[in-house]
Amino acid sequence: MKNLLIFIGIIIISIGSADAQSKRKRKKADKETAKWNYSIECQGEASAGTYTLKVFSIVMDERLAGVQAQKNAVHAIIFQGINAQGRICKPKPALARSINLETEREDFFKEFFASVKKNDPNNFAKYVNLVDEVTDRQKLGKKKFRIGSLVTVNVGLLRKKLEKENIIKSLSSGF
Amino acid sequence: MKNQTNKTLLLVSLLFASVSFSQAKKPTLMVVPADNWCYNNNYSESYDNQGVVKDIPSYRIALQRDTDLDLVITQINGMLSQRDFDAKNLKSQLDKIESAAAEEAMRSSKYSGAEVAESPIDALKKVAKADIILKLGWTVNDDGMEKAVTFILKAIDSYTGKQIAQASGTGAPDFSSPLPVLLEEAVSSHIDAFLAELQTAFERWFEKGRECAVGIRVWDDWDYDLESEDFGDDELGFLIEEWMEDNTVGGAFTTMDAEATMMNFEQVRIPMTYEKKGRVRGLDARTWAKNLSKYLKGMGIENKLTTVGLGEVKLYLGSK
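Conventions adopted
Residues numbered from 1 in each chain as written. Chains lettered and ligands numbered in written order. Predicted model: local features only at pLDDT ≥ 70, side-chain atom pairs only at ≥ 80, totals over all residues. Helix = DSSP H or I, 4+ residues; strand = E, 2+ residues; numbered from the N terminus. Buried ≥ 20, exposed ≤ 12 C-beta atoms within 10 Å, placed from the backbone. Contact = placed C-beta atoms within 7 Å. Pairing = 2+ DSSP bridges. Axes fitted to C-alpha atoms, helices over the stretch in contact; angles between N-to-C directions. Domains from an automatic or database assignment. Nonpolar A, V, L, I, M, F, W, Y, C, P; charged D, E, K, R; others polar. Parallel < 35°, antiparallel > 145°, perpendicular 65-115°, else oblique. Left-handed = near helix turned anticlockwise from the far one by under 90°. Core = buried A, V, L, I, M, F, W, Y, C linked by C-beta atoms within 7 Å.

## Remarks on the overall build of chain B
Phase 1 of the analysis: Along its length, chain B carries 9 helices and 13 strands.
Phase 2 of the analysis: The buried share among the 320 residues of chain B stands at 26%.
Phase 3 of the analysis: Restricting to contacts in chain B with at least 6 residues of sequence separation, those with at least 24 account for 57%.

This is the structure:
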């Protein structure tokens, strides 16, 4: 009986510790996200409205590179647009029509880019797919890495989501 | 109290502004092949214009002979639909015009056998029309080994003839993909930037008004002209300009010509909406010019209002 109680206790403590660890990890990831330290290369369009991008993220923790690359790709598509890449890729304008959109709708984007579970409908992860987590790796300092990752982003779906939430205007808005 | 009234007025006007923002007339779009693409591919017809033989592009021949054209038009239309903009289909429009013409040719009066009256002007106007025409063309660059497609897509505002969006460029060379695949790639790689430009043009319309052109003419049997001072405290031409100033967005218009018998206004910025019977409705050039017609009638000037194309209106002063 005593052994059983000890066993249950150990399980509860380990679950709690794993949960706390995962929370810490998410918090750390969100902290990294706020820096938006990345560069993007367009690799082509798999199909209409789906971009294939190579994201170079500067991260302090290598393990966060994959999730950070996905966030960075979505961030670039919404706020920065994608530069042309020779004949492979034509320039893609940003989905945001206002340069202040990120600050104007800070609350929405804070939640949107938060590191929560993938099945959360309000999360960025629904629109991006990690093809290759690490394609390039460069150590920049003691705890600083430049990690290249390959992702695809469903821009059509992402645009629809932002239009539905009234974050951006649709082509037919006003008519 | 006054403050309270002002606040209420502000709220009401804001409410109207938000309502009006969703009531404007949706422009119609249609994708057609560019003229030079038609000529280069021999999709043109010759016609005799009073002794002068002229070539005009034939959309019907192009659609019949070029399967790639139908593919590209369908793809662009599909992408517009995804963005809640249903474009007119060129082929369906041409079919509609043809069947309407055939129907009218067959129709005759039950008693007299008279046929449907159609002036040469009416016949000329029976062309596929839309508010915005998307003109597309492409060339295939083939060096014997690899093929690359140079693609061009332009949006022309039928109201003004101005280009409001464009996308062009040459795709990556490819030695294995067939032409339809290269064309599909060209469309999908250009369409996002193209539609973003189009959206900028729409936003400009809402902000600064839609551009149109206005012409004023005088029938030669009218006793007055645009220099007459019988209708107010100034010459008629200046009274019309004053009305334009008051009824355009930000008073924006350009007087191109001002003579005794004719006036031409261009870049006339008209609002996107107006209010009638408590409802906010979409405004077009004809409805807007109707107010000018009423203003002139109010001064005792009988007039006739006609539209030329979609964004040009002409008023003939003196009689109907």
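What follows continues from the structure just given.
## Considering the overall build of chain A
Phase 1 of the analysis: What chain A contains, in helices and strands, is 5 helices and 4 strands.
Phase 2 of the analysis: Order of helices (α) and strands (β) in chain A, N terminus to C terminus: α-β-β-α-α-α-β-β-α.
Phase 3 of the analysis: When the 175 residues of chain A are sorted by exposure, 29% land in the buried category.
Phase 4 of the analysis: Long-range contacts, defined here as pairs at least 24 residues apart, represent 57% of the contacts in chain A between residues at least 6 apart.

## A word on the sheet that holds strand β1 (residues 29-33) of chain B
Sheet strands pair by backbone hydrogen bonding; their relative direction is either parallel or antiparallel.
Residues and elements named next belong to chain B.
Phase 1 of the analysis: One open sheet holds the 4 strands; their spatial order is β1-β4-β5-β6, and the pairing between them is mixed. The open sheet is flanked by β1 and β6 (163-170), the only strands paired with a single partner. Strand after strand, the sheet turns through a mean of 15 degrees between neighbouring axes, direction not considered.
Phase 2 of the analysis: Note: strand β5 (residues 147-157) against β6, 7 bridges, orientation antiparallel.

## Concerning the domain arrangement of chain B
Residue and element names in this part refer to chain B.
Phase 1 of the analysis: Taken domain by domain, chain B comprises domain 1 (29-104 + 115-206) and domain 2 (209-317).
Phase 2 of the analysis: One C-alpha centre belongs to domain 1, the other to domain 2; they are set 33 Å apart.
Phase 3 of the analysis: Listed per partner, the contact involves 7 residues of domain 1 and 9 residues of domain 2.
Phase 4 of the analysis: Looking at side-chain class alone, the side of domain 1 that touches domain 2 contains 3 nonpolar, 2 polar and 2 charged residues.

## Quick word on the packing of helix α4 (residues 67-82) of chain B against helix α7 (residues 179-208) of chain B
Residue and element names in this part refer to chain B.
Phase 1 of the analysis: Two elements in contact, α4 and α7, have axes whose closest approach is 10 Å; the angle formed by their N-to-C orientations is 30 degrees. The pairing of α4 with α7 is recorded here as roughly parallel in orientation. Relative to α7, α4 is oriented so that their crossing is right-handed. When α4 is examined against α7, the residues D68, L71, V72, Q75, I76 and M79 are found in contact with a partner set consisting of L179, P180, L183, E184, V187 and I191.
Phase 2 of the analysis: A per-class count over the contact of α4 with α7 returns 9 nonpolar, 1 polar and 2 charged.

## Side note on the interface of chain A and chain B
Phase 1 of the analysis: Taken together, the contact between chain A and chain B spans 15 residues of the former and 24 residues of the latter.
Phase 2 of the analysis: The residue makeup of the side of chain A that touches chain B, split by class, is 6 nonpolar, 5 polar and 4 charged.

## Some words on the sheet that holds strand β13 (residues 312-317) of chain B
All names here are of chain B.
Phase 1 of the analysis: What the 5 strands build is an open sheet, ordered β8-β9-β7-β13-β12; its pairing is mixed. Here the strands that pair on one side only, and so sit at the sheet edges, are β8 (254-258) and β12 (303-308). Going across the sheet, the axis of each strand differs from the next one's by a mean of 20 degrees, ignoring polarity.
Phase 2 of the analysis: With 4 bridges connecting them, β8 and strand β9 (residues 262-270) associate as antiparallel partners. Looking at the pairing, A258 lines up with M263 of β9.
Phase 3 of the analysis: Packing of helix α8 (residues 236-247) onto the sheet brings it into contact with β7 (210-218), β8 and β9, and relative to β9 it is tilted by some 5 degrees.

## Some points on the pairing of β13(B)
Taken residue by residue, a regular strand's side chains alternate between the two faces of the sheet.
All names here are of chain B.
Phase 1 of the analysis: As judged from the 6 bridges shared by β7 and β13, these two strands associate in the parallel manner. In the strand pairing of β13, R217 is matched with Y316.
Phase 2 of the analysis: Here 6 bridges tie β12 to β13, and the two strands are oriented antiparallel to one another. Paired with K304 across the bridge in β13 is Y316.

## Some points on the nonpolar core
Phase 1 of the analysis: Judged by nonpolar contacts, the single largest core of 62 residues is most densely connected at V31(B), I76(B), L134(B), F194(B), C212(B) and V214(B).
Phase 2 of the analysis: With 11 residues, α7(B) is the single largest residue contributor to this core.
Phase 3 of the analysis: Two domains each put at least three residues into this core: domain 1 (29-104 + 115-206) and domain 2 (209-317) of chain B.
Phase 4 of the analysis: In this structure, V151(A), V153(A), V155(A) and I168(A) belong to the second largest nonpolar core, which totals 33 residues.

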